[in-house]
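# Architecture and fold: a report
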Amino acid sequence: MRQALAQLRNEGLIETSQGRVPTVLGRPLAHSIDDFFSFSAWVQATGRTPGQHTIELAWRVPPAEVAGKLQLAASDRAVVIVRRRSIDGLPAMLERSWYISEVGRRLFDFDPDDGSIFGALIERGVPLDSGTHTIDAVAADPLDAEQLGVPPGSPLLRVERLTTSSAGHVLEYADDRYRTDRAKLAIRNSRSTSAVSRPSVARLAAPVLQEGLPA
């Protein structure tokens, strides 16, 4: 019986913890990152209910690596927001996003627990246009473990995203970490639009907004 339960846990079909009855898990949702949509829009499109809880929202001088990605000087401040994202009430992803000041200051104009930041920024005229995604696996750090309900060191699927305007200005750097039993990523490829057959990289589908940020 113990071996059977261990096998089901390893396959991501059940969740177990000491002193609790094993819980059957649903199949992870496939998140397509070649479409430039928000977490909320993706979950809603699958007929499930998205959720979010803000852990931190602050002005801060970012770490050197993040400052470099945002093309900021070493002393420049940016706005960081950390949120736990959920699917049908179950924690699925920990989102760490850094925004340049001109964009990040708008996060204080609305409740980030109320829904999609992406949608709210678009409504406020922020020209979020293209995203470059890098995918790897990382071990859960103490904050990941606490917020996602996994043991420290558990493998998480990480998607790093660099978001730019249509003119190529960097607006956001994000580090999203997914529980692999609740979300997976899907990428669609086409030979006719691949890097091999075209001279430039196609932009991800996104609303086309006017360039520039309103005062």
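Residues numbered from 1 in each chain as written. Predicted model: local features only at pLDDT ≥ 70, side-chain atom pairs only at ≥ 80, totals over all residues. Heavy atoms only, no water.

- The chain has the name GntR family transcriptional regulator in an unreviewed UniProt entry, where Gryllotalpicola koreensis is given as its organism.

### Focus: the overall build of the chain
- Scanning the chain from N- to C-terminus turns up six helices and 10 strands.
- Here the chain holds 215 residues, and 43% of them are scored as buried.
- For the chain, the proportion of contacts with a sequence separation of at least 24, taken over those separated by at least 6, is 62%.
- Accessible area for the chain stands at about 11700 Å²; split by element, carbon and sulfur atoms hold 53% of it. (Helix = DSSP H or I, 4+ residues; strand = E, 2+ residues; numbered from the N terminus. Buried < 20%, exposed > 50% of the residue type's maximum accessible area, 1.4 Å probe, protein only. Contact = heavy atoms within 4.5 Å. Areas by Shrake-Rupley, 256 points an atom, 1.4 Å probe, with all protein chains shown as cover.)

### Overview of the nonpolar core
- Counting 30 residues, the largest nonpolar core has Leu70, Leu107 and Leu121 as the members making the most contacts within it.
- Other than its neighbours up to four places away in sequence, Leu70 contacts Ala78, Trp98, Ile100, Val170, Leu171, Glu172 and Tyr173. (Core = buried A, V, L, I, M, F, W, Y, C linked by side-chain atoms within 4.5 Å.)

### Overview of the side chain of Asp144
- With respect to the helices, strands and loops of the structure, Asp144 is situated in helix α6 (residues 142–148).
- For Asp144, a relative accessible area of 0% gives the class buried.
- Within the structure, Asp144 has its side chain in polar contact with the side chain of Arg177 (distance 2.8 Å).
- Not counting chain neighbours up to four residues away, the residues in contact with Asp144 comprise Leu94, Arg96, Ala139, Gly149, Val150, Leu156 and Arg177. (Polar contact = N/O pair within 3.5 Å; in protein donor to acceptor, adjacent residues only side chain to side chain.)

### Details of unusual backbone geometry
- If you check the backbone angles, Gln71 has positive phi at about 60° while not being a glycine.
- Examined against the element boundaries, Gln71 turns out to sit in the loop between α3 (64–69) and β5 (78–87).
- At Asp88, a residue that is not glycine, the phi angle is positive and equals roughly 50°.
- Topologically, Asp88 is positioned in the loop between β5 and β6 (90–99).

### A look at the packing of aromatic side chains
- Counting across every chain of the model gives two aromatic pairs.
- Aromatic side chains Phe39 and Trp42 sit 5.4 Å apart centroid to centroid with 75° between the ring planes, which places their arrangement in the edge-to-face category. With a gap of three residues between them, Phe39 and Trp42 both fall in helix α2 (residues 39–45), about one helical turn apart. Here Phe39 matches Trp42 in class, with each residue buried.
- Here the aromatic rings of Trp59 and Phe108 are separated by 6.0 Å at their centres, their planes lie at 0°, and the arrangement is stacked. Of the two residues, Trp59 is situated in strand β4 (residues 50–60) and Phe108 in the loop between α4 (101–104) and α5 (117–123); the sequence distance between them amounts to 49 residues. (Phe/Tyr/Trp six-rings, centres within 6.5 Å; stacked < 30°, edge-to-face > 60°.)

### Considering the pattern of salt bridges
- Using the criterion set out here, one finds 15 salt bridges in the structure.
- Residues Arg83 and Glu95 are paired through a salt bridge, measuring 2.8 Å at the closest nitrogen-oxygen approach. Pair noted here: Arg83 is in strand β5 and Glu95 is in strand β6, with a separation of 12 residues, a long-range link. Accessibility classification places Arg83 together with Glu95 in one group, the buried group. (Salt bridge = Lys/Arg side-chain N within 4 Å of Asp/Glu carboxyl O.)

### Focus: the environment of Ala140
- Of note, Ala140 is situated in the loop between β7 (130–139) and α6.
- Along the sequence, Ala140 and Ser154 sit 14 residues apart, while their C-alpha atoms lie 5.2 Å from each other.
- Once you skip the residues sitting within four places of it in the chain, Ala140 turns out to touch Ala145, Val150, Pro151, Pro152, Gly153, Ser154 and Leu156.

### Side note on the sheet that holds β5
- An order of β4-β5-β6-β9-β8-β7 is seen for the six strands of this open sheet, with the pairing classed as antiparallel. Looking along the sheet, the strands with just one partner apiece sit at the ends: β4 and β7. For this sheet, the mean inter-axis angle between neighbouring strands, taken without regard to orientation, is 15°.
- Bridging between β4 and β5 involves 10 bridges; their strand directions are antiparallel. Bridge pairing links Gln52 to Arg85 in β5. (Pairing = 2+ DSSP bridges. Axes fitted to C-alpha atoms, helices over the stretch in contact; angles between N-to-C directions.)

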